[in-house]
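A look at the structure
Residues per chain, in single letters:
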Amino acid sequence: MSHVGVGPRARTRSVAFLTAGALAVPVLAGCTSEDPAGEPLAGPDTAVAARARIADGGTLRWAADSVPDTLNVFQSDADATTTRVAQAVLPSMFRMDATGRPVRNPDYLESAEVVATEPRQVVLYKLNQQAVWSDGREIGAADFAAQWRALSGKDSAYWTARNAGYDRVEKIERGKNDLEVKVTFRRPYADWRSLFTPLYPREVMGTPDAFNDGARRKLKMTAGPFAVQKVDREAEEVVLGRNPRWWGEPAKLSRIVLRAVERGERTAALTAGRLDLAEVDPATAREVGRAGAPPGTGNPLGSAAEDAAPLSGPERGQGRSAADALRSWAVAHGSDEEAAYEETLAREERRAALARTERRRAALRGFEVRKSLEPAYTQLALNGADGPLADERVRRAVARAVDREELAEAVLKPLGLPAEPLGSHLALAGQDAYADGSGALGEPDAKEARALLADAGWVPGGPVKKGKEKEKEGEAEEAAGAEEGGGSSAESDSPGGDDGTYIVGEDGKGEREADGNGDGEKNKANGGAPGAYAPKGTAAPAGAAAPLARNGKPLTLRFVLPSGPGSGTLRTVADRISRMLDRIGIRTDITKVPDESYFRDHIASGDYDLALYSWPGTAFPATDARPVYAKPVPAADGSLNVEQNYTRVGTDQVDQLFEQAIGTLDEKEARSLLRKADSRIWAAAGSLPLYQRPQLTVARENLANAGAFGFATPVYEDMGFLKKGAQGGQRSATPSA
């Protein structure tokens, strides 16, 4: 579920993994308190400033995850950088506002509305008469028609990722004049606003060869405030320059350089002056927050321990207590020459480290953290294809054991963001289709969870058969079976010499490691999160219930997680979930796998019981969420066609509700149908929405109209650096955590 910006949804809805955390605005208008959609929990934090206060010119260096393999968002290998480029250089008929709702883009559209419903739905687009491609040709019906034909799914020579919506179009024709485009649908389509954003020129969409290869490395024709100047793979950057034929408000920036910088290297790039804007992880955000905030200011991204300088001592300000500082001074000046020499060297090393830290902080003082909630959510996926979770009672028991509020607080509260669990699979708070449907599942209740498990035949303290001998690297090893009140230890291979496995409640110390002391620090050094691992052979955490078994087999679920250095938050969340399940007698086998294979070899292939990953939010859930929750069906070759339903849990009822929602033009009815579908998805317990992902962005203090965008589509022509003497842009108010 990445990251995401509610950009073009024409390609397959992409999964994003939670690797980082993410200021919010005051209450947003547009929803009444009676509306179940409520209000967005956080809005954009972009240091809003009027264009008159922004200087003309300048280059914005913006961190990207990659140099894209293609500039065509409708191809399967398009990524978040592809979307960012498309937003800046191509027409979009509709863009997202701060509440996640589609709004007409006046730079391209004078109007767009349904003008007929019988015998067919007809949408009439009236284009802005100034809208032209970069070669001077008017944007018109020929461009709309070429895109429809390419994405309709009728011609397999086009290597498209998806044809949702375009397959419902019957014909596209010119209206009364060149500025009108009439689109007639074969079947009613509620999400018609999702189409033609972005819109490519007919020169790209007109033939399979042009579509497949013509827009992968360059875009000769554009129609946005910026144009693609070059894609430099050697320098790992995409350079956008002003479009001289742009008819709207002229771009304030001369250039935008999208520079590929790995997340773990962004702090160094910021301090080196190579970046002006970057989405970062919580650790980097905290460092920037400390650099810019005076001690004791209560900055939620700072650290109390860091702010508390010693009251006295020769090493004041080095993060050491007054007693330690005095003790060090005494040893360095004592009669034991060897000890004095060693302590003097240690003091010099600490001073050098402090000097490096101060230089790093000084370099970061020109930056600030802008934060919001990303238009994406993290979920716990329960694979219902086979094993214990094929039983709906077991899935519901797992879901009833998980305290989603606790997990949301653990991730969001330390960042000063609203710590609210998500109540819908299909929309985020503030969006039209949002309503809390979790009541269909019920509140967290360990007693009810145990009752569901007992009804499914899983009982505590049952006899457990011994495991069989297995071969590993030519040597036979015995897999120990679970004992009453104890458990078994499973192992999986993982890079770096770590066996990659942690069975909560059977080999863990539990809460004692959570503060990072003891062995937890060693694990943290290997890229893990404190408290996520524990040495083998230690006691089960307090509150652990006796393990459950049925027919001699213990109830153990394989919890698969990515092992990369940016996945610490995921592992911390997984650890908490595992402890929650342990309290009802379910053991978890946490297995870390390489990031590059996590989705391909485990999520998509169904090689997991439990997993954590994210889905992007969407303004068009009837279209975009349907393949995520569609009931899997057998394919012609005997395999199972799951579309994007990686939990393999679906029902005919949910499929019918989606089909009804996508086919009605009554927006109120569509919302009602989607909310009913969501309630049934909750009841099936194939996935458990946890929280909206944090969005943390570091930006130069004088950079305006850019930062943590939340739902809103960026307005690229308004981004820029403040004029000398101009005060900083308007920041959004920090939400209550």
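Just above sits the structure.
Let us look at the structure shown here.

Definitions and limits used
- Residues numbered from 1 in each chain as written.
- Predicted model: local features only at pLDDT ≥ 70, side-chain atom pairs only at ≥ 80, totals over all residues.
- Heavy atoms only, no water.
- Helix = DSSP H or I, 4+ residues; strand = E, 2+ residues; numbered from the N terminus.
- Buried < 20%, exposed > 50% of the residue type's maximum accessible area, 1.4 Å probe, protein only.
- Contact = heavy atoms within 4.5 Å.
- Polar contact = N/O pair within 3.5 Å; in protein donor to acceptor, adjacent residues only side chain to side chain.
- Axes fitted to C-alpha atoms, helices over the stretch in contact; angles between N-to-C directions.
- Parallel < 35°, antiparallel > 145°, perpendicular 65-115°, else oblique.
- Nonpolar A, V, L, I, M, F, W, Y, C, P; charged D, E, K, R; others polar.
- Patch = residues over 30% accessible without salt bridge, like charges linked within 9 Å, V, L, I, M, F, W, Y side chains within 5 Å.
- Areas by Shrake-Rupley, 256 points an atom, 1.4 Å probe, with all protein chains shown as cover.
- Salt bridge = Lys/Arg side-chain N within 4 Å of Asp/Glu carboxyl O.
- Lys, Arg positive; Asp, Glu negative; His and termini not counted.
- Charge placed at Lys NZ, Arg CZ, Asp CG, Glu CD.
- Pairing = 2+ DSSP bridges.
- Phe/Tyr/Trp six-rings, centres within 6.5 Å; stacked < 30°, edge-to-face > 60°.
- 1 Å grid on protein atoms, 1.4 Å probe; cavity = no way out; pocket = protein on both sides within 12 Å on 5 of 7 lines; lining within 4 Å.
- Points joined across faces, edges and corners; volume = space filled by probe spheres on them.

**Side note on the overall build of the chain**
- Broken down by element type, the chain carries 19 helices and 26 strands.
- Burial analysis of the chain (737 residues in total) assigns 53% to the buried set.

**A word on the environment of Asp 595**
- Inspection of the secondary structure assignment puts Asp 595 in helix 15 (residues 595-603).
- C-alpha separation for the pair Asp 595 and Ser 567, spaced 28 residues apart in sequence, amounts to 8.9 Å.
- In contact with Asp 595, not counting residues within four places along its chain, are Pro 562, Ser 563, Gly 564 and Ser 567.

**Some remarks on helix 1 (residues 80-89)**
- Most of helix 1 is tucked away: eight of the 10 residues are buried.
- Taken together, the buried positions of helix 1 are occupied by Thr 81, Thr 82, Thr 83, Arg 84, Val 85, Ala 86, Ala 88 and Val 89.
- Its side-chain oxygen placed 3.1 Å from the backbone nitrogen of Thr 81, Asp 79 serves as the N-cap of helix 1.

**Thoughts on the packing of helix 8 (residues 322-332) against helix 9 (residues 337-364)**
- Running from N to C, helix 8 and helix 9 cross one another at 135°; their axes reach a closest spacing of 7 Å. The pairing of helix 8 with helix 9 is recorded here as oblique in orientation. Across the interface between the two elements, Ala 325, Ser 328, Trp 329, Val 331 and Ala 332 of helix 8 pack against Ala 339, Ala 340, Glu 343, Thr 344, Arg 347 and Arg 350 of helix 9.
- Classifying every residue of the contact of helix 8 with helix 9 gives six nonpolar, two polar and three charged.

**Focus on a negative patch on the surface**
- On the surface, Glu 405, Glu 409, Glu 420, Asp 436 and Glu 443 cluster together into a patch of negative charge.
- Tracing the sequence through the fold places Glu 443 in the loop between helix 11 (404-412) and helix 12 (446-455).
- On the basis of relative accessible area, Glu 443 is assigned to the exposed category, the value being 60%.

**Side note on the pattern of salt bridges**
- The tally for this structure, following the rule as stated, stands at 35 salt bridges.
- Across the pair Arg 101 and Asp 432 runs a salt bridge whose closest N-O atoms are separated by 2.7 Å. Placement of the pair is Arg 101 in the loop between strand 2 (94-96) and strand 3 (102-104) and Asp 432 in the loop between helix 11 and helix 12, with a sequence separation of 331 residues.
- Under the relative-accessibility criterion, Asp 432 is labelled partly exposed at 34%.
- Between Glu 170 and Arg 120 there is a salt bridge, with its nearest N and O atoms 3.3 Å apart.

**Here we look at the pairing of strand 21 (residues 610-616)**
- Among the seven residues in strand 21, seven count as buried, and that is most of the element.
- Burial along strand 21 is two-sided: Leu 610, Leu 612, Ser 614 and Pro 616 and Ala 611, Tyr 613 and Trp 615, pointing in opposite directions, are all buried.
- The sheet contact formed by strand 12 (residues 367-382) and strand 21 spans seven bridges and is antiparallel. Following the sheet pairing, Tyr 377 is matched in strand 21 by Trp 615.
- Bridging between strand 19 (residues 556-562) and strand 21 involves two bridges; their strand directions are parallel. Paired with Val 560 across the two strands is Ala 611, which belongs to strand 21.

**Overview of unusual backbone geometry**
- In this structure, Pro 119 follows Glu 118 across a cis peptide bond, with omega equal to 0°.
- Across the junction of Thr 197 and Pro 198, the peptide omega takes the value 0°, indicating a cis bond.
- For Arg 648, which is not a glycine, the phi torsion comes out positive at approximately 60°.
- Within the chain, Asn 705 stands out as a residue other than glycine whose phi angle is a positive 60°.
- Relative to the assigned elements, Asn 705 resides in the loop between strand 25 (703-704) and strand 26 (720-721).
- Given the relative accessible area of 12%, Asn 705 is considered buried.

**Some points on the environment of Gly 366**
- Note on placement: Gly 366 falls in the loop between helix 9 and strand 12.
- When the C-alpha atoms of Gly 366 and Thr 271 are compared, they prove to be 9.6 Å apart, with 95 residues separating the residues in sequence.
- Other than its neighbours up to four places away in sequence, Gly 366 contacts Ala 699, Arg 700 and Glu 701.

**Notes on the packing of aromatic side chains**
- Under the counting rule described, the total for this entry stands at 18 aromatic pairs.
- Ring geometry for Phe 74 and Tyr 200: centres 5.9 Å apart, planes at 65°, overall edge-to-face. Here Phe 74 is found in the loop between strand 1 (59-64) and helix 1, whereas its partner Tyr 200 is found in the loop between strand 7 (180-185) and helix 3 (202-205), with 126 residues between them in sequence. Exposure class is identical for Phe 74 and Tyr 200. Each is buried.
- Their ring planes at 45° and their centres at 4.7 Å tell us that Phe 144 and Phe 196 sit as a pair that is tilted.

**Points about empty space enclosed by the protein**
- Space inside the second largest cavity adds up to approximately 80 Å³.
- Taken together, Tyr 629, Asn 645, Thr 647, Val 649, Gly 650, Thr 651, Val 654, Ile 681, Ala 684, Gly 686 and Ser 687 make up the lining of the second largest cavity.
- Residue classes in the lining of the second largest cavity are distributed as five nonpolar, six polar and no charged.

**Brief notes about the packing of helix 6 (residues 282-292) against helix 9**
- Relative orientation of the contacting elements helix 6 and helix 9 amounts to 85°, with a least axis distance of 8 Å. Comparing the axis directions of helix 6 and helix 9 gives the class roughly perpendicular. On helix 9, the residues that touch Glu 287, Val 288, Arg 290 and Ala 291 of helix 6 are Arg 360, Arg 361 and Leu 364.
- Each residue belonging to the contact of helix 6 with helix 9 can be placed in one class, and the counts come to three nonpolar, no polar and four charged.

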